[in-house]
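# Results of the structural survey
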Amino acid sequence: MFNNILVVCVGNICRSPMGEYLLREKLLHRPGVTIESAGIGALVDKPADDTALALLQEHGIDASNHRARQASEALLANADLILAMEQGHLRQLHRMAPQIRGKAFLIGKWIGDQEVPDPYKQQRPAFEHAYKLIDQATDAWLKYLDK
C-alpha cells in the first residue's frame, strides 16, 4: 500500500506541484494518503508557477498554498512511492539516496515510460502539454494506488 507519495521535478514549481495536486484530487477518497512534492534543485519557498496554478484552477484544483521545497535523503526515505518527471531526475535521486531504487519510477511509467518535459519559462502551450501528460500519467497510476 502506498500511503506516502512524493512527486519530484527540478524546481518544484511547475511539474511536480501539478502532479501532487492532481494526485491529491484523484485520491481524495483515500483517507490517510499523503501526497507531497519536492525538487532536486528546488526554488525553495517559491509558490507554484502562475501558469501551472492557472491550469490547475481551471480544473477546479487550488494549489495556491504550494511552496517549493528541496528533496532530501530523509524525504525520499520516508516516501513509499517516488514519481519523477524524467530519467535524469531518477538518476539524481538514486545518487542522493541509493536505497530508493525499488520505489522510484517515472510518473509516465504506465504510459510508455513517457517523460514530462519542463515547461519552465515557456509559453502556456508547453504547460498545457505537461499538464496533459501528468493527467494521463496519474490516471494510469490510479489502478496501482487506488487499493
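Because the structure is a prediction, the values reported are computed rather than measured.

A word on helix H4 (residues 87–96). Listing the buried residues of H4 in full gives His89, Leu90, Leu93 and His94. The arc that holds the buried residues of H4, viewed along the axis, is 135°, so those residues lie on one side. For H4, the elements touching its buried residues are strand S1 (4–9), helix H1 (15–26), helix H3 (73–78), strand S3 (81–84) and strand S4 (104–106).

At a minimum axis separation of 9 Å, H1 and helix H5 (residues 124–145) run at an interaxial angle of 40°. Looking at the two axes, H1 sits oblique to H5. You can see that H1 and H5 cross each other, and the crossing is right-handed. Packed against H1, whose contacting residues are Arg15, Met18, Gly19, Leu22, Leu23 and Lys26, the element H5 presents Phe127, Ala130, Tyr131, Ile134, Asp135, Thr138, Asp139, Leu142 and Leu145 at the interface. For the contact of H1 with H5, the per-class residue count stands at nine nonpolar, two polar and four charged.

On to the sheet that holds strand S2 (residues 34–39), then. Taking strand neighbours across the sheet as the criterion, the four strands line up as S2-S1-S3-S4 in an open arrangement whose pairing is parallel. This sheet does not close on itself; its edge strands, each paired only once, are S2 and S4. With strand direction ignored, the average angle separating the axes of adjacent strands in the sheet is 25°. Where S3 and S4 come together, three bridges link them in parallel fashion. Bridged to Ile82 within S4 is Ala104.

Under the defined criterion, the tally for this structure stands at four aromatic pairs. Centre to centre, the rings of Trp110 and Trp141 are 5.7 Å apart; their planes meet at 70°, and the pair counts as edge-to-face. Of the two residues, Trp110 is situated in the loop between S4 and H5 and Trp141 in helix H5; the sequence distance between them amounts to 31 residues. According to the relative accessible area criterion, Trp110 is partly exposed, its value standing at 36%. For Trp141, a relative accessible area of 3% gives the class buried.

What counts and how
- Residues numbered from 1 in each chain as written.
- Predicted model: local features only at pLDDT ≥ 70, side-chain atom pairs only at ≥ 80, totals over all residues.
- Heavy atoms only, no water.
- Buried < 20%, exposed > 50% of the residue type's maximum accessible area, 1.4 Å probe, protein only.
- Helix = DSSP H or I, 4+ residues; strand = E, 2+ residues; numbered from the N terminus.
- Arc of directions from axis to C-beta.
- Contact = heavy atoms within 4.5 Å.
- Axes fitted to C-alpha atoms, helices over the stretch in contact; angles between N-to-C directions.
- Parallel < 35°, antiparallel > 145°, perpendicular 65-115°, else oblique.
- Left-handed = near helix turned anticlockwise from the far one by under 90°.
- Nonpolar A, V, L, I, M, F, W, Y, C, P; charged D, E, K, R; others polar.
- Pairing = 2+ DSSP bridges.
- Phe/Tyr/Trp six-rings, centres within 6.5 Å; stacked < 30°, edge-to-face > 60°.

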